[in-house]
Structure formats: C-alpha cells, structure tokens
Amino acid sequence: MAEAHTDSNGAGSGMTARDIFNGAFRQPKPRGQVIDIGVQPAQVGKFSITGVSRIRPGFLADLLKPTFAATTVKQLADEAREAGGKLKALGIAKQVLVEVDEGEQGKLDVHFQCEDGSRFAVRTGVDVGGDEGTASVVGRLNNIWGGGESFEANYARGTKTAAAFRGVLSLPLAADPQRRFELSAYQANTDYRPYSSHDELRRTLTAALRKQEGTEQHELAYTLAWREVLGLGHAASPSLRALAGHSVKSGITYTFTHDDRDSQTVPTRGTFVKAVAEVAGLGGSAQMVKAQVELQTNQELGSGYVLSVGAQAGALRTLARGGQRTSSLPDRFFVGGAHSVRGFEYRGIGPRDAADSLGGDMFYAAGLGLLTPLPRVEALRGHLWANAGQCALLLNSPVARPGELSRFLTSPSASIGFGLVYRHSMVRAELSWCIPIAATSSDRLNPGLQFGLGFQFL
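Attention here is on the structure that accompanies the text. From a predicted model like this one, the values you see are computed outputs, not experimental measurements.

**Some remarks on the overall build of the protein chain**
Moving on, step 1. On a plain count of helices and strands, the protein chain comes out with 5 helices and 21 strands.
Moving on, step 2. For the protein chain, the proportion of its 458 residues judged to be buried stands at 45%.
Moving on, step 3. Within the protein chain, contacts between residues at least 6 apart in sequence are counted, and of these 58% link residues at least 24 apart.
Moving on, step 4. When the accessible area of the protein chain is evaluated, it comes to approximately 22,100 Å², of which 57% is carbon and sulfur surface.

Right under this line is the structure:
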C-alpha cells in the first residue's frame, strides 16, 4: 500500500492510513508525532464480518453506508465505531472488534470480529403503578430475520388485572436502533373495584413509528381499540350502567417526550416533559380529540436538599357525531392516589355517582416536594410535599353537575404531608403521612398513612 503522508505536523512520519486508523481505536500516539486524523485521507475498499450467525445483506448495506462514504481516518474511525455500536444495540452482537488491513489501490479493508448476540431471553419481574402490583413473564426473540428485529411477549397477572398479554414486533429502520417501526397487540382484563363497580376489558392493536434523538423521543401511532365495561356489580350506579358496554376507538396519537433527569425514580436534577395529542374518529364509536401534558423539574439546593415541581393537565372533547355527547369511560381522566394527588384514594377526586368513580373530561394536578437528607442512609430521604388537583366533566355531558366548570377552576382538592422516600435502582417507594386540607363532597379521602410504590409520582 502506498504511504499516506501527513501535513507539516507529521511530515516524513511514514505512517500509513491503516496505522493511524488503528491508533485512533487502540494505540497510543507515537511520541513526538502529531497526526491530524481529521484530514488524513482514507477510504474503505472491502468489508467483512465474522462471528454473527445471522445478518441480512440489505441491513448490512444500510449499516455500512456512512462507513464506505468516509474520506478521512477520523470519519472512518467514527463511522466504524458507530456501526459496531448499532450491532450491539440491536442485539446482533455482544462485542465488536474492528480490524483494518491494507487493501488494494491504497484503500483499507475493514473487518468486524463479533461475539454473537443472544437469540432469545426469558425473564420474570414485578411491575408497580396505578395503585397495582403485577407479576410478569417476558420472552424475547432477537435478530429474527438478520436485521435487528425483535419480538417480545409479556404475560402478567396483578392485584387488579386478572390477566394481561402484550406482544410487540419491533423493526429498526435504516439499520438505526434509534428509529423503529413497531406492531403491538394488547389485551387486559382489569377489576376496578372498590373504586367503581365494574371490570374493563381492553383489546388493542397499534402500529407506531418511534424516533429517539438524545433526550427526546417522538412517536406517531395508529391505534384500534375495542373496550368493554362489564361485570357490573349489583350496587352499580345508574351513571355507570349508562356507560357500560362496548366501545371502539380508531385514532392517531402523537407523543413527545423529553427526559434529561439523572434518575427516573428519585431525580435530583433535570426536567421531564411529556405531551400527548390524540384524534379518534377514523371509524368506531369513540370520536374525540384529546390532549394531555406532564411536566416535572428538579433542582438541587445544596447539602442534599432537592426541590421538585410537577404539573399535569388534560382535556378531551367529543366530536358529537351521530348525536353522541358523552365521552367513553375508558377515555376519561382520573385523579387521586399515592402516584397522583396524595391524601386521596386512587381515583378518589372528581365526578362520582354513589360509590362509582366516573372520571372526567378535563383534569389538572400539581405538586411541590422537598427531599431532605437523612443521616447514614443514602438511599432514604425525608419528603415534605403539597399536592392539589381536580377532575370534571364538560358541560355537554348529561351527568355533569351544575357549576361543574366553576368548581373545577376555583376549588381544587388539596393535601399536604411528610414522609420517607426510598430510592431503589428500579423503583421508588414512599410512605407518607397525608393531611387533606381541601375536598369536595364527592371526594374519597385517605388521611393518615399512605404507601406508594412505582416509577412516576406527582
């Protein structure tokens, strides 16, 4: 191979592009020499890969386009490293070693020596959230057709969910693990007693495009959902009985998420933003527009103190086609509980008929918290907090009470309290002493000790 000489900084060094490339990965720079790899020319002639049991030629072509397009040593090193990282991120390889040899006509031959990735995996776990704990079994197939595709099946049973199944087929786009197309199917049968005298059966099919950009994620999804409110108890209220039965939703949802927090469970700094916009009415009985936003920011105050501010809000509006004016129960918002407004029962704030929580077409909730250090126990923090929120039905609902909108805007239900927060790598646990300070006649209060276990808290 002909020598590729550097500029005046490395003139006469006699180093080839291969030597410089390998140095960019592993070798220390020769003493007394400065090589500008940003201008040192290099070009890939051939590529080979060993150690992987399955890889599709079309996928490999997409993966290596930037590598073959590189014109300098730095570009080639960066793109080869990026391609190896994608193979690992997609589960095709566990480890990737990049090797370079001299090729023909002054070009470089690049070889990936890989450790084959696992083809399948099975795990069990416990999930918490929404005032429920579930145990699950998850099976996953990796690299199904040689392009980083995966299929994951999840079966779960919980304290309220009699049975739930979810299957997800995930396909990377253009060999990029940050851009995916997903097809999923989901079914769950959930018991909402004692908060409302019914069960709910959901069957959902979803097709989604998802793109991750650093701390931001964009998702555009089409969802077809068949929901059934069933199993009404003998004490079910007239309002709940009117909402029982089947409903079908066919709609498009866009979700934006930004999360630069240092922890998803007990953050000490960073911001979380999530916004969801949904339009339903492409067939089906549920015809509406719906929007929801969630914000949280965390600031270290020094000496182990952390201030957290959070807010949530949402609204939905039926499109009133065919005379329908009342929203479907599965589409409504619910407020209250250890993960929402503390000091109230789960779904304990908002419209209610007798013992049945009916949810609302609009809601808001806000929280202010102060985490304090405790001596000798790093994972345990003191917690002072204040929460407020409200939930209401819009005026076009036949079950909305007079003055509903005014009550929603001017009379939030609120609570204050103190307690302990335990930080675990996978979950957050709270034990709080709750003092409700404002409530409506329909609210279900939960004063005193309240325990919460989950990932996302107000």
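Having seen it, we continue.
**Some remarks on helix 2 (residues 57-69)**
Moving on, step 1. The terminal C-alpha atoms of helix 2 lie 18 Å apart, and with 13 residues this matches the ideal 18 Å at 1.5 Å per residue to within 8%.
Moving on, step 2. Residues of helix 2 that are buried: Phe 59, Leu 60, Leu 63, Leu 64 and Thr 67.

**Topic: helix 3 (residues 73-89)**
Moving on, step 1. Between its first and last C-alpha atoms helix 3 spans 24 Å; for 17 residues at 1.5 Å apiece the expected length is 24 Å, and the two agree.
Moving on, step 2. Taken together, the buried positions of helix 3 are Val 73, Leu 76, Ala 77, Ala 80, Ala 83, Gly 84, Lys 86 and Leu 87.

**Digging into the pairing of strand 11 (residues 245-259)**
Moving on, step 1. In this structure, strand 10 (residues 216-230) lies alongside strand 11, joined through 14 bridges in antiparallel fashion. Residue His 218 lies in a different strand from strand 11, and its bridge partner there is Phe 256.
Moving on, step 2. Examined bridge by bridge, strand 11 and strand 12 (residues 270-284) share 10 bridges and lie antiparallel to one another. In the strand pairing of strand 12, Thr 257 is matched with Lys 274.

**Structural notes on the side chain of Asp 199**
Moving on, step 1. As for its placement among the helices and strands, Asp 199 is situated in strand 9 (residues 199-213).
Moving on, step 2. Residue class for Asp 199 comes out buried when judged on its relative accessible area of 19%.
Moving on, step 3. Engagement of the side chain of Asp 199 in a polar contact is seen with the side chain of Arg 193, the distance being 2.7 Å.
Moving on, step 4. Setting aside anything within four residues of it in sequence, one finds Asp 199 in contact with Asn 189, Thr 190, Asp 191, Tyr 192, Arg 193, Glu 228, Val 229, Leu 230 and Gly 231.

**So, unusual backbone geometry**
Moving on, step 1. Arg 193 connects to Pro 194 through a cis peptide bond whose omega is 5°.
Moving on, step 2. Inspection of the secondary structure assignment puts Pro 194 in the loop between strand 8 (176-191) and strand 9.
Moving on, step 3. In this model, Gln 105 sits at a positive phi of 55°, which is unusual for a non-glycine residue.
Moving on, step 4. Inspection of the secondary structure assignment puts Gln 105 in the loop between strand 2 (93-102) and strand 3 (108-116).
Moving on, step 5. Classification of Gln 105 as exposed rests on a relative accessible area of 74%.

**Overview of the packing of aromatic side chains**
Aromatic ring pairs are defined here through the distance separating the ring centres and the angle between the ring planes.
Moving on, step 1. Taken as a whole and assessed by the stated rule, the structure comprises 4 aromatic pairs.
Moving on, step 2. Taken together, a centroid distance of 5.0 Å and an interplanar angle of 35° make the contact between Phe 333 and Phe 363 tilted. In this pair, Phe 333 is assigned in the loop between strand 14 (305-318) and strand 15 (352-353) and Phe 363 in strand 17 (residues 362-373), connecting sequence segments 30 residues apart. Phe 363 shares its class with Phe 333; the two are buried.
Moving on, step 3. With 5.0 Å between their ring centres and 70° between their planes, Tyr 364 and Phe 408 make a pair best called edge-to-face. Of this pair, Tyr 364 sits in strand 17 while Phe 408 sits in helix 5 (residues 404-410), placing them 44 residues apart in sequence.
Moving on, step 4. The exposure class assigned to Tyr 364 is partly exposed, which follows from its relative accessible area of 22%.
Moving on, step 5. Above the plane of the ring of Trp 226 lies Arg 203, whose end atom (NZ or CZ) is 4.2 Å from the centre.

**Overview of the pattern of salt bridges**
Moving on, step 1. If you walk through the whole model with that rule in mind, you get 21 salt bridges.
Moving on, step 2. Its salt-bridge partner being Glu 219, residue Arg 210 comes within 2.3 Å of it at the nearest N-O pair.
Moving on, step 3. The exposure class of Glu 219 is buried, given its relative accessible area of 17%.
Moving on, step 4. Between Arg 428 and Glu 430 there is a salt bridge, and its shortest N-O distance comes to 2.7 Å.
Moving on, step 5. Residues participating in the shared-partner salt-bridge network are Arg 227, Lys 249, Glu 278 and Asp 331.

**Digging into the sheet that holds strand 3**
Strands pair in a sheet through their backbones, by hydrogen bonds, and they do so in one of two ways: parallel or antiparallel.
Moving on, step 1. Ordered by their spatial adjacency, 3 strands build an open sheet running 1-3-2, and the pairing between neighbours is mixed. Each of the sheet's edge strands pairs with one partner strand only, and the pair in question is strand 1 (44-50) and strand 2. Direction aside, the axes of adjacent strands within the sheet are offset by 20° on average.
Moving on, step 2. Bridge count for strand 2 against strand 3 is 9 bridges, and the pairing is antiparallel.

**What about the environment of Lys 160?**
Moving on, step 1. Relative to the assigned elements, Lys 160 resides in the loop between strand 6 (150-158) and strand 7 (161-173).
Moving on, step 2. Here the alpha-carbon distance between Lys 160 and Tyr 192, two residues 32 residues apart in the chain, equals 6.8 Å.

**Describing a nonpolar patch on the surface**
Moving on, step 1. A surface patch of nonpolar side chains, amounting to about 940 Å² of accessible area, comprises Leu 173, Leu 205, Leu 209, Leu 220, Tyr 222, Leu 224, Trp 226, Val 248, Ile 252, Tyr 254 and Leu 282.
Moving on, step 2. If you list the elements that add at least two residues to the nonpolar patch, you get strand 9, strand 10 and strand 11.
Moving on, step 3. Per element, the largest residue contribution to the nonpolar patch is 4 residues, and it comes from strand 10.
Moving on, step 4. Along the chain, Leu 205 falls in strand 9.

**Some words on the packing of helix 2 against helix 3**
Moving on, step 1. In contact at an axis separation of 8 Å, helix 2 and helix 3 are set at 150° when each is read in the N-to-C sense. Accordingly, the angle class assigned to the pair helix 2 and helix 3 is roughly antiparallel. Residue-level contacts link Phe 59, Leu 63, Leu 64, Pro 66 and Thr 67 of helix 2 to Leu 76, Glu 79, Ala 80, Ala 83, Lys 86 and Leu 87 of helix 3.

Here is what the cut-offs are and how they apply
Residues numbered from 1 in each chain as written. Predicted model: local features only at pLDDT ≥ 70, side-chain atom pairs only at ≥ 80, totals over all residues. Heavy atoms only, no water. Helix = DSSP H or I, 4+ residues; strand = E, 2+ residues; numbered from the N terminus. Buried < 20%, exposed > 50% of the residue type's maximum accessible area, 1.4 Å probe, protein only. Contact = heavy atoms within 4.5 Å. Areas by Shrake-Rupley, 256 points an atom, 1.4 Å probe, with all protein chains shown as cover. Expected span 1.5 Å × (residues − 1). Pairing = 2+ DSSP bridges. Polar contact = N/O pair within 3.5 Å; in protein donor to acceptor, adjacent residues only side chain to side chain. Phe/Tyr/Trp six-rings, centres within 6.5 Å; stacked < 30°, edge-to-face > 60°. Lys NZ or Arg CZ within 6 Å of the ring centre and 35° of its normal. Salt bridge = Lys/Arg side-chain N within 4 Å of Asp/Glu carboxyl O. Axes fitted to C-alpha atoms, helices over the stretch in contact; angles between N-to-C directions. Patch = residues over 30% accessible without salt bridge, like charges linked within 9 Å, V, L, I, M, F, W, Y side chains within 5 Å. Parallel < 35°, antiparallel > 145°, perpendicular 65-115°, else oblique.

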